[in-house]
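Report on the structure
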Amino acid sequence: MARCYSDGMRQRQPALPRIWLISDLRNDALLERALERLPRGSGLIFRHYHLPSTERLKRFESLLRIARRKGHKVALSGHAAMARRWGADAVYGPSKRLTKGPSVIRLVTVHSLREIAAARRARADAILLSPVFATRSHPGGAALGPICFRLIAAQSPVPVIALGGMNAARARAIGAHTWAAVDGLCGRVVPDLIRDR
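The paragraphs below set out a description of the structure included in this document. (Residues numbered from 1 in each chain as written. Predicted model: local features only at pLDDT ≥ 70, side-chain atom pairs only at ≥ 80, totals over all residues. Heavy atoms only, no water.)

**Let's talk about the sheet that holds strand β8 (residues 179-181)**
Short version of the rule: Paired strands are those between which DSSP finds at least two bridges. The way it works is that DSSP assigns letters per residue, a run of H or I at least four long becomes a helix, a run of E at least two long becomes a strand, and they are numbered from the N terminus. Between the N-to-C directions of two axes lies an angle of 0 to 180 degrees, each axis being a line fitted to C-alpha atoms and, for a helix, fitted only over the stretch in contact. Two residues form a contact once any of their heavy atoms are found within 4.5 Å.
Spatially, β1-β2-β3-β4-β5-β6-β7-β8 is the arrangement adopted by the 8 strands of the closed barrel, whose pairing is parallel. Within this sheet the neighbouring strands show an average axis-to-axis angle of 25°, counted without direction. Across 4 bridges, the pairing between strand β2 (residues 43-46) and strand β3 (residues 73-77) is parallel. Opposite Ile45, over in β3, you have Ala75 as the bridge partner. Sheet strands in contact with helix α6 (residues 113-121) are β5 (105-110) and β6 (126-129), and its direction is about 160° off that of β5.

Here it is as structure tokens:
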């Protein structure tokens, strides 16, 4: 099953980065180093909800410069119009926030089959399906697990990005060609990604 899922995703997502680093207050101090070490053409999803708007924009711009130099795509958590104004390649968030706005790549967060239908209505270009595994950000929360993840992912009409407790080894184990992480991309795992490319 993992091979079929992975092969299908490769055919459906040639323009999307394979690996996405998600910014967070917890990994903020490590972002520059992680962006420098990620394989060329990876992605950054900039959240940083903890910052006031002016500081958030300044932090976004500083990371955007590194991302551009390394050939990475950048998605902004917000609205499509804001993503366009800030110079992001994509917008990220729940479907209810992304139904309107200019044409920009839409990365929609989903957790169930029902939310995949909503993502389609929001013109999603890809979905982030989570949580595959338990995460530090939601301790004790229910996780989909590999089998449920693959069953739901198989129903998506757009590429699926695995999220939630992900790292390179887990992505390989579940057959996820494309994956994202908050913690799993800011430590010693990054050199392993470069060897796996």
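Having seen it, we continue.
**With respect to the pattern of salt bridges**
Rule in force here: In the sections that follow, a salt bridge refers to a side-chain nitrogen of Lys or Arg positioned within 4 Å of a carboxyl oxygen of Asp or Glu. The cut-offs for exposure are 20% and 50% of the maximum accessible area for each residue type, with area from a 1.4 Å probe on protein chains only; residues under the lower value are buried, those over the upper are exposed, and the others partly exposed.
Applying the stated criterion across every chain, the model contains 7 salt bridges. Residue Glu32 is joined to Arg59 by a salt bridge in which the shortest nitrogen-to-oxygen separation is 2.5 Å. In this pair, Glu32 is assigned in helix α2 (residues 31-37) and Arg59 in helix α3 (residues 53-69), connecting sequence segments 27 residues apart. Between Glu36 and Arg69 there is a salt bridge whose closest N-O contact spans 2.6 Å. Separated by 33 residues along the polypeptide, Glu36 in helix α2 and Arg69 in helix α3 bring together distant segments of the chain. The class of Glu36 is partly exposed, set by a relative accessible area of 33%. Residue Arg69 is classed as partly exposed on the basis of its relative accessible area, which comes to 49%.

**What to know about the pairing of β2**
Keep this limit in mind: The handedness of a crossover follows from its direction of travel: if, with the strands pointing away from the viewer, the path from the first strand over the helix to the second runs clockwise, the crossover is right-handed.
Covered by surrounding structure in β2 are Gly43 and Ile45 together with Leu44 and Phe46, the residues of both alternating faces. The pairing of strand β1 (residues 19-22) with β2 spans 3 bridges and is parallel. In the sheet register, Trp20 faces β2, and the bridge partner there is Gly43. Between the parallel pair β1 and β2, the chain is carried across by α2, and the sense of this crossover is right-handed. For the crossover from β2 across α3 to β3, the handedness is right-handed.

**Brief notes about the environment of Leu63**
With respect to the helices, strands and loops of the structure, Leu63 is situated in helix α3. Among the residues examined, Leu63 registers a relative accessible area of 1% and is labelled buried. With 11 residues separating them along the chain, Leu63 and Val74 place their C-alpha atoms 9.1 Å apart. Look past the residues within four positions of Leu63 in its chain and what remains in contact with it is Leu31, Glu32, Leu35, Leu44 and Phe46.

As far as function goes, none of this settles anything; it's purely spatial.
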